[in-house]
Amino acid sequence: MHRTQLLNLLENYKNKSSSDNSVADKFINFVKNNSDCFKRTLQYGHITGSAWVINEERTQTLLTHHKKLDKWLQLGGHVDGNSDVLAEAIREVEEESGLTKLTLISDGIFDLDVHLIPAHKNEPEHYHYDVRFCFSTNDPDNIVISDESHDLKWISIDEIEKFTREQSVLRMVDKCFSL
């Protein structure tokens, strides 16, 4: 039963986004076949929650220069057993940026991505099944860099490729224009 909420969000996303059906199907199969999909103890992969945060004018997005991965990425991370992925995405924004004034602007899931995380210390290589939501903020100046980041920066949507070539990030830029 704890997977029902996410499965419903995934089905709704699949019905609205025909171009991402194969990714949505991959998520649905993963969640249905792994009752512990929200826990890091599922070593080959687990659900994570992320947030694409933009300013009210929709001209900038907030990216973090992630310490462990050494890449500019959206905010997000592990859900640590919580099946409410939206709540976890919000928690991650608050922890990684200090922002608390957020408005959900995507109706349900904004984007889905499965990506490989390299082995690190005692963690083996594994997959993140990343569920992403889109938020705006009317308080962009009150950001604080967390200890998980080298840097945190508002980046112009038009200049994002100067910071990252990650296809999943560039895909969210494109999706941002259709909101």
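For the structure, see preceding data.
Rules of the game
Residues numbered from 1 in each chain as written. Predicted model: local features only at pLDDT ≥ 70, side-chain atom pairs only at ≥ 80, totals over all residues. Heavy atoms only, no water. Helix = DSSP H or I, 4+ residues; strand = E, 2+ residues; numbered from the N terminus. Rg over C-alpha atoms; globule rule 2.2 N^0.38 Å. Buried < 20%, exposed > 50% of the residue type's maximum accessible area, 1.4 Å probe, protein only. Contact = heavy atoms within 4.5 Å. Areas by Shrake-Rupley, 256 points an atom, 1.4 Å probe, with all protein chains shown as cover. Phe/Tyr/Trp six-rings, centres within 6.5 Å; stacked < 30°, edge-to-face > 60°. Axes fitted to C-alpha atoms, helices over the stretch in contact; angles between N-to-C directions. Parallel < 35°, antiparallel > 145°, perpendicular 65-115°, else oblique. Left-handed = near helix turned anticlockwise from the far one by under 90°. Nonpolar A, V, L, I, M, F, W, Y, C, P; charged D, E, K, R; others polar. Expected span 1.5 Å × (residues − 1). Arc of directions from axis to C-beta. Salt bridge = Lys/Arg side-chain N within 4 Å of Asp/Glu carboxyl O.

Asker: Help me understand the overall build of the chain, please; the structure alone is not making it clear to me.
Answerer: Counting secondary structure elements, the chain contains 4 helices and 8 strands. Listing the helices and strands of the chain from first to last along the sequence gives α-α-β-β-β-β-α-β-β-β-β-α. The C-alpha radius of gyration of the chain comes to 15 Å, within 12% of the 16 Å expected for a compact globule of 179 residues. Sorting the 179 residues of the chain into buried and exposed places 47% on the buried side. For the chain, contacts bridging at least 24 residues in sequence account for 68% of all contacts bridging at least 6. Carbon and sulfur atoms make up 45% of the accessible area of the chain, which totals about 9100 Å².

Asker: Would you mind going over the packing of aromatic side chains with me for this structure?
Answerer: Ring pairs (aromatic) are described by centroid distance and by the angle formed between their planes. All told, the structure shown has 4 aromatic pairs when counted by the stated rule. The interplanar angle of 5 degrees and the centroid separation of 3.8 Å between the aromatic rings of Phe30 and Tyr129 together place this pair among those described as stacked. Taken together, the residues span a long stretch of sequence, with Phe30 in helix 2 (residues 21-33) and Tyr129 in strand 7 (residues 126-137) at a distance of 99 residues. Residue Tyr129 is classed as buried on the basis of its relative accessible area of 10%.

Asker: Hey, could you run me through the packing of helix 1 (residues 4-16) against helix 2 in this one?
Answerer: The relative placement of two packed helices comes down to the angle between their axes together with the axis-to-axis distance. It is at 9 Å that the axes of helix 1 and helix 2 come closest, and there the two elements cross at 165 degrees. In terms of axis orientation, helix 1 runs roughly antiparallel to helix 2. Along this stretch, helix 1 crosses helix 2, giving a crossing that reads as left-handed. Facing helix 1, whose interface residues are Leu6, Leu7, Leu10, Glu11, Tyr13 and Lys14, helix 2 presents Asn21, Ala24, Asp25, Phe27, Ile28, Val31 and Lys32. For the contact of helix 1 with helix 2, the class distribution of residues is 8 nonpolar, 1 polar and 4 charged.

Asker: Looking at this structure, I do not really get helix 1. What am I missing?
Answerer: Since one α-helical turn is 3.6 residues long, residues separated by three or four positions face the same way. A rise of 1.5 Å per residue sets the reference length of helix 1, with its 13 residues, at 18 Å; its end C-alpha atoms lie 18 Å apart and thus fit the reference within 8%. Looking at helix 1, one finds that the buried residues are Leu6, Leu7, Leu10 and Tyr13. Taken around the axis of helix 1, the buried residues stretch over an arc of 125 degrees, which confines them to a single face. Of the exposed residues in helix 1, the ones pointing more than 90 degrees away from its buried face are Asn15 and Lys16. At its buried positions, helix 1 is contacted by helix 2, strand 1 (45-55), helix 3 (85-97), strand 6 (111-117), strand 7 and helix 4 (167-177).

Asker: Is there a simple way to think about helix 3 in this case?
Answerer: Counted at 1.5 Å a residue, the expected span for helix 3 with its 13 residues is 18 Å, and the 18 Å between its end C-alpha atoms agrees. Every buried residue belonging to helix 3 is among Val85, Glu88, Ala89, Glu92, Val93, Glu96 and Ser97, and all of these are buried. Each buried residue of helix 3 sits inside an arc of 145 degrees when the element is viewed along its axis, so together they form one side.

Asker: Just to check I follow, could you spell out the pattern of salt bridges for this structure?
Answerer: In total, this model carries 15 salt bridges according to the counting rule given. Here Arg132 ties to Asp113 by a salt bridge, and the two come within 3.7 Å at their closest N and O atoms. Placement of the pair is Arg132 in strand 7 and Asp113 in strand 6, with a sequence separation of 19 residues. When sorted by exposure, Arg132 lands in the same class as Asp113, which is buried. In this structure, Asp130 engages Arg132 in a salt bridge whose closest nitrogen and oxygen atoms are separated by 2.8 Å. Comparing Asp130 with Arg132 shows no difference in burial state: the two are buried.

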